[in-house]
Each structure stands twice: as C-alpha cells, then as structure tokens.
Amino acid sequence: MNISDTEIAWSILQKAGYSRTHELPEADVVLLVTCSIREKAEQTIWNRLKHLTALKKRCQKHKPLLKIGVLGCMAERLKTKLLEQEKLVDVLAGPDAYRDLPRLLSLGYRGQRASNVLLSLEETYADVMPVHQTPEGHSAFVSIMRGCDNMCSYCIVPFTRGRERSRPLSSILEEVRMLSDQGVKEVTLLGQNVNSYRDFSEQHFICSEGSTQLSRGFKTVYRTKQGGLLFSDLLDKVSQIDPDMRIRFTSPHPKDFPDEVLQLIQERRNICKQIHLPAQSGSSRVLHAMRRGYTREAYLDLVENIREIIPGVNLSSDFITGFCGETEEDHQETLSLVREVGYNVGFLFAYSMRKKTHAYHRLQDDVPAPVKQRRLEELISVFREEAAKVNMALIGSTQLVLVEGESKRSSEELCGRNDGNVKVVFPKTDLPIQPEKPQMVPITSGDYVLVKVNYGQHDNKIELIWLCLLSLVVNPAAGF
Ligand code: 5AD
Ligand code: SF4
C-alpha cells in the first residue's frame, strides 16, 4: 500500500512542479510514507526521523529551507503530536490528504508547520494516474479500493485509513489499459479488502443485485452492502484487457470468496492461481476475540471449496501469535491449521497492541513478550516445513515464469516468478523464440519463459531452481 501511496503522492507533486531525487543530500523536501500497523513499523520511522532532524540541524546554514514531512498512517494516528510535541516534522498528510500536499508544502516554506489529517468517505484518487516505480517497469500495483470497515479487534487500519470505499471501475480499467500499452506484464490489484470491492458509481452498467456475496459461514460486523459492481465484475473486466498480462490481487478477506470469484480465477488463464487467505489464528476462540467473523471450521471449509474449484492453487496467509488471551492450546491449534492447509508463503507477526482498537479498550494484552516471540518462532518453523513440501512438489513440473531480472546471487542467473508467485532461478542464456525455430534471442525482464524445475532449495526463502529451459513464450495466453 505504501508503494502505491508513494506513487500517488509523487504524481500529485510532479504535477505541482517537484522533481524527484534518490540522493538525500540533494533533497529540499524529504517525505516519509509511513505504516502504523505494528509498533515496530513506527519505531523504524522514529529512528529515521531522528536521523533526518540531525541532518537538518547540520545543514541549517546551506539549506535553511529543508522540509521533513510524514505521510500516511502514522500522520493520521499521531496527528499534531508529531508537529507540536516532537518538533521533528514540518508537514503532515494523512492517507486521504495527498492532494493537499502542494499547499501544505508551500505553507511549510513560509515557516509554518502544516497538517491535513482529514479522512474522507470518498477519496480514491481515481483521477490521479500514479507514477509507477517498480523495477524494470514490468509489474505494477493498481489501487482499487481504500480503507476498511471490518474492525478486527487488534487492527489500527480502520482508524488510520478510514472507511471502505471503492475506486470506480472505469478509472481502474483506464489505468490497466495504459499499463498494458506501456508493456506492463503483471498487475497487482491493491487494497485493504480487495474482494469487498463494490462500485456504486456505475449501477446502470451491471448490477449483481440482492447478492450478499459472502463466503459460506462468514459474517461481518457491518450491514452487508447490496448492489453495485462486485469484485467478480472487476476481475472479469480487468482480465479481459490483455490476455498476456498476469492479474494478482492483495489483500483479500476470506469472507468475500463466493464461488463466482473462484470460478473466474479458475477459468481465466491470466488470473494467477494464488490466493492470499489471512487466517490470523487457528483457534475459533481467538478468532472470536479477534472479531474475524469466522470459525476455524468455516475457514477450513473455504480452503476445501477453493481447492475443489481451483485445483493446484497456491495459498498464503497472515497469522498473529500471542493475541490477548491466547493459550498454549490455541497456539497448537494455529500450528495444526498451518499443517492442515499447507501454505507456500506466510506473513507471521507477534501481536502488538495498538491504541484506539477494540482490543486496547476491552482485552488484556496478557501474553508475555518472550512467549509471543517463542510462539512466533515455532510458527515460522512449521510454516517453513510446510512451504518446503508445497514447493518441492513442483519438482519435475514445467512452469511459466515471468522474468524479473538478474538473481540476487549471481549475474549469470536470472529470476522470475511462476503463476503461484514462487521464485524461480535459472541461468542467463539465449533461447529460441519458438521451439524448433533457429533464431536465438537473449532473455530479458518482462519475457515469459518455460522452465522445467529440476531441483529445489531452501534457506530463508524457498526458491526453485530449474535445469532445463524450454523456450521463450511469446503468447502465454495460447497455452503450453
Ligand atoms: N499486531 C500484530 N500484527 C498485526 N496485524 C494487524 N494488526 C496487527 C497487530 N496489532 C497483521 C495481520 C494483518 C497484517 C497486515 O498485519 O496479520 O493481516
Ligand atoms: Fe485490519 Fe481486519 Fe481490516 Fe485487515 S480486515 S485491515 S486486519 S481491520
């Protein structure tokens, strides 16, 4: 989200005449795009701010106008505390206030500290075409919705990013078409709850009326929205723009996976068969305290349904260890859920209490830090074992890989990702543009290659290493 927010803020500033530098000593304005989700994320920013203010003091003489700004969730959470108490920052802009950045900066230049932390019910930056920054330009994030109405009891996001709202479909399609014209090969649809997408601005267009679209056995804390264009409508339209463009999405909520969405993922070749399914815990008791709106059983039923409709799908997840009241038994249930599902990627965190949340007001953060940490380490190790099994099952298979560039380890190797988002490393070599054609070409980033996986390796991350490159694929939609 922060990469995407940076691209939006940057587009607004570029229009206002700013130019970007990656060299800190050259900058007149330094903006930090921040996250508040856990204490650790904020600590990183505090350290950075201390470093920047020391720099500001040191260059007071030759750069008296150097401005420091904080953007995003931390600006929203701490509001004027950052301006008044800490005196580290000149400009503050919350996640819905990036349009105001040129004005805020101009006030900053007149020696005033300036802030806008108003949250909006409508802002989606629909008309701001982000300046995409991703390496080599072959994959891009496209923001489709902002905010969250779920109010999970541990989570600060609904308070820092505001109410859920969807960007109009037409503007998303326009951006994806533009990216396709620029040669972008992979788009990740982005939002806090992408599959809760509902565009009410174009009801005349398609209307899936009356359908609640919730996964079976799931409920919400808010009244279910009705009508409008749904995530399945969006996926349908986006995936038709360019059959050679891979479509991914993150982060979805398990409650919004009706069969229509799953069937579409299965049917369309260019929608990646990889689903992020944040579970958070394997214990129904903890899930209830987290206000997730589902039980362990409902989650496992959903996994079964997903696997039935999309055989071979890769699943990833988020988990929190040591949430309020979590017992050793609850933790064991989480470990057993991870074993039962067999994810190939996990984002695992120790619980970090956040002010304003339901848990902060009503529950006890009663799991000691060393216990949270020990449970986290146990979870990481079970995850690694399971992920290794899932990935090793690819050995012997042929994978369609979108090339990203040189591998980190060697300039003789390239790396890319398969449809399931698993990293694949292979030698840099020339390939026939089509099997049995003599013409050889070098492989470059943005190419699709067919790779036969011969062995896997895992250290920290799991990688699959090929041995025999089959060919460069000009039109992956035609299949292989
Ligand atoms: N403490 C730890 N992890 C958290 N997450 C959200 N809030 C917290 C918190 N207070 C995790 C959840 C979420 C991911 C983005 O961050 O797992 O899915
Ligand atoms: Fe936070 Fe829950 Fe919303 Fe995700 S769904 S952003 S965890 S409140």
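As shown above, the structure is provided for reference.
Conventions adopted
Residue numbers here run from 1 along each chain, matching the order of that chain's written sequence. Think of it this way: whatever chain is written first is A, whatever ligand is written first is 1, and the rest follow in order. It should be noted that, the model being predicted, local features are given only for residues of pLDDT at least 70 and side-chain atom pairs only at 80 or more, the latter also being counted only at that level, while totals for whole chains, interfaces and linings use all residues. Side-chain numbers come from the whole structure's heavy atoms, not from hydrogens or water. Lines are fitted to the C-alpha atoms to define the axes, a helix being fitted only along its stretch in contact, and any angle between axes, read from their N-to-C directions, falls within 0 to 180 degrees. Helical segments are the DSSP runs of H or I of at least four residues, strand segments are the runs of E of at least two, and each set is numbered from the N terminus. With respect to orientation, any angle under 35 degrees is reported as roughly parallel, any angle over 145 as roughly antiparallel, any angle of 65 to 115 as roughly perpendicular, and every other angle as oblique. Each crossing gets its hand from how the near helix is turned against the far one by less than a right angle, where anticlockwise is left-handed and clockwise is right-handed. In this description, contact between two residues means that some pair of their heavy atoms is separated by no more than 4.5 Å. By convention in these notes, a salt bridge is any Lys or Arg side-chain nitrogen within 4 Å of a carboxyl oxygen on Asp or Glu. Stacked, tilted and edge-to-face are the three classes assigned to paired rings of Phe, Tyr and Trp, where Trp is represented by its six-membered ring and a pair needs centres within 6.5 Å; plane angles under 30 degrees give stacked, over 60 edge-to-face, the rest tilted. Two limits define a charge over a ring: the Lys NZ or Arg CZ must be within 6 Å of the ring centre, and within 35 degrees of the ring normal. The definition of a nonpolar core used throughout is a set of buried Ala, Val, Leu, Ile, Met, Phe, Trp, Tyr and Cys residues joined through side-chain atoms within 4.5 Å. Burial status follows relative accessibility: with a 1.4 Å probe on protein chains alone, a residue under 20% of its type maximum counts as buried, one over 50% as exposed, and anything between as partly exposed. Here a residue is near a molecule or strand as soon as one of its heavy atoms is found within 4 Å of it. Residues adjacent in sequence count toward polar contacts only when both atoms are side-chain atoms; beyond that, a polar contact is any pair of N or O atoms within 3.5 Å, and within protein one must be able to donate a hydrogen and the other to accept it. Each accessible area is a Shrake-Rupley result for a 1.4 Å probe, and residues are judged covered by the shown protein chains and nothing else. The nonpolar class holds Ala, Val, Leu, Ile, Met, Phe, Trp, Tyr, Cys and Pro. Asp, Glu, Lys and Arg form the charged class, and all remaining residues, Gly among them, are polar. A helix is expected to reach a length of 1.5 Å times the quantity of its residues less one. By construction, the arc corresponds to the directions joining the helix axis to the C-beta atoms. Only strands that DSSP links by at least two bridges are regarded as paired with each other.

### What to know about the packing of helix H7 (residues 169–181) against helix H8 (residues 231–241)
Phase 1: Axis separation between H7 and H8 bottoms out at 9 Å; the angle between their running directions is 20°. Classified by the interaxial angle, the pair formed by H7 and H8 is roughly parallel. As H7 runs across H8, the sense of the crossing is right-handed. Here Leu169, Ile172, Leu173, Val176, Arg177 and Ser180 of H7 lie close against H8, whose contacting residues are Leu234, Lys237, Val238 and Ile241.

### Topic: the packing of helix H1 (residues 2–15) against helix H5 (residues 101–109)
Phase 1: Running from amino to carboxyl end, H1 crosses H5 at an angle of 65°, the nearest separation of the two axes being 9 Å. With respect to H5, the axis of H1 lies roughly perpendicular. Along the contact surface, H1 presents Ala9, Ile12 and Leu13, while H5 presents Leu101, Pro102 and Leu105.

### With respect to the pattern of salt bridges
Oppositely charged side chains can pair when the atoms bearing their charge come close.
Phase 1: One pass over the full model with this rule turns up 28 salt bridges.
Phase 2: Taken together, the shared-partner salt bridges connect Asp5, Asp96, Arg146, Arg161 and Arg165 into one network.

### Regarding the packing of aromatic side chains
Phase 1: A complete count under the given rule lists 10 aromatic pairs for this structure.
Phase 2: Between phenylalanine 323 and tyrosine 351, the aromatic rings sit 4.9 Å apart at their centres with planes inclined by 80°, giving edge-to-face as the arrangement. Here the residue phenylalanine 323 occupies a position in the loop between strand E13 (314–321) and helix H12 (328–341), and tyrosine 351 occupies one in the loop between strand E14 (345–350) and helix H13 (358–362), the gap between them amounting to 28 residues.
Phase 3: Every member of this aromatic cluster is reached through a ring pair, and the members are Tyr154, Phe323 and Tyr351.
Phase 4: A cation over a ring is seen here: arginine 20 above tryptophan 10, with NZ or CZ 5.9 Å from the ring centre.
Phase 5: Geometry around phenylalanine 349 places arginine 38 over its ring, the cationic atom sitting 3.6 Å from the centre.

### Structural notes on the nonpolar core
Phase 1: The biggest cluster of nonpolar side chains holds 67 residues, and the ones touching the most others in it are Leu189, Leu235, Ile275 and Tyr343.
Phase 2: The dominant element in this core, judged by the number of residues it contributes, is helix H11 (residues 296–309), at seven residues.
Phase 3: Excluding its chain neighbours within four sequence positions, the residues that come into contact with isoleucine 275 are Phe257, Leu262, Ile265, Ile306, Ile310, Val313, Asn314, Leu315 and Ser316.
Phase 4: Core analysis: the second largest hydrophobic core is formed by 20 residues, Val30, Leu52, Ala75 and Val89 among them.

### Quick look at unusual backbone geometry
Phase 1: Residue threonine 250 is joined to serine 251 through a cis peptide bond whose omega torsion reads 0°.
Phase 2: Despite not being glycine, lysine 79 shows a phi value in the positive range, around 45°.
Phase 3: Residue class for lysine 79 comes out partly exposed when judged on its relative accessible area of 30%.
Phase 4: Residue asparagine 421 is not a glycine yet carries a positive backbone phi of 75°.
Phase 5: Mapped onto the elements, asparagine 421 comes out in the loop between strand E16 (413–417) and strand E17 (423–427).
Phase 6: Among the residues examined, asparagine 421 registers a relative accessible area of 24% and is labelled partly exposed.

### Concerning the site of ligand 1
Phase 1: Lining the immediate environment of ligand 1, one finds Ile37, Arg38, Tyr154, Gln280, Asp318, Ile320, Phe349, Ala350, Tyr351, Ser352 and Arg354.
Phase 2: Contact between ligand 1 and aspartate 318: an oxygen atom at 2.6 Å from a side-chain N or O atom of the residue.
Phase 3: Serine 352 is positioned with one of its backbone polar atoms (N or O) 2.7 Å from a nitrogen atom of ligand 1.
Phase 4: Computed on the free molecule, ligand 1 has an accessible area of 410 Å², of which 86% lies beneath the protein chains in the complex.
Phase 5: The set of elements that each furnish at least two residues to the shell around ligand 1 consists of E13 and E14.
Phase 6: Classifying every residue of the shell around ligand 1 gives six nonpolar, two polar and three charged.

### Some remarks on H12
Phase 1: An ideal rise of 1.5 Å per residue puts 20 Å on 14 residues; H12 measures up with 20 Å between its terminal C-alpha atoms.
Phase 2: Every buried residue of H12 is listed here: Asp330, His331, Thr334, Leu335, Leu337, Val338 and Val341. Taken around the axis of H12, the buried residues stretch over an arc of 155°, which confines them to a single face.
Phase 3: Contacts made by the buried residues of H12 are with helix H10 (284–290), H11, E13 and helix H14 (369–392).
Phase 4: Looking one or two places after H12, you find glycine 342, whose phi comes out positive at around 70°.

### Describing the sheet that holds E14
Phase 1: Taken in spatial order, the three strands line up as E12-E13-E14 in an open sheet, and their pairing is parallel. Taken across any chain shown, the strands that pair with only one partner, and hence form the sheet edges, are strand E12 (274–276) and E14. Direction aside, the axes of adjacent strands within the sheet are offset by 10° on average.
Phase 2: Note that E13 and E14 share six bridges and pair parallel. Paired with phenylalanine 319 across the strands is leucine 348, a residue of E14.
Phase 3: Lying over the sheet, H14 contacts E13 and E14, oriented at roughly 175° with respect to E14.

### A few points about the sheet that holds strand E4 (residues 114–116)
Note on sheets: strands pair through backbone hydrogen bonds, and any given pair is parallel or antiparallel.
Phase 1: Spatially, four strands are ordered E1-E2-E3-E4 in an open sheet, and the strand pairing comes out parallel. Lying at the two open borders of the sheet, with one neighbouring strand each, are strand E1 (29–34) and E4. Neighbour to neighbour, the strand axes of the sheet diverge by 15° on average, direction disregarded.
Phase 2: Bridging between E1 and strand E2 (residues 67–72) involves six bridges; their strand directions are parallel. Its bridge partner lying in E2, valine 29 is registered against lysine 67.
Phase 3: Relative to E1, helix H2 (residues 39–58) is tilted by about 175°, and along the sheet it contacts E1 and E2.
Phase 4: H5 contacts E1, E2, strand E3 (91–93) and E4 of the sheet and is inclined by roughly 165° relative to E3.

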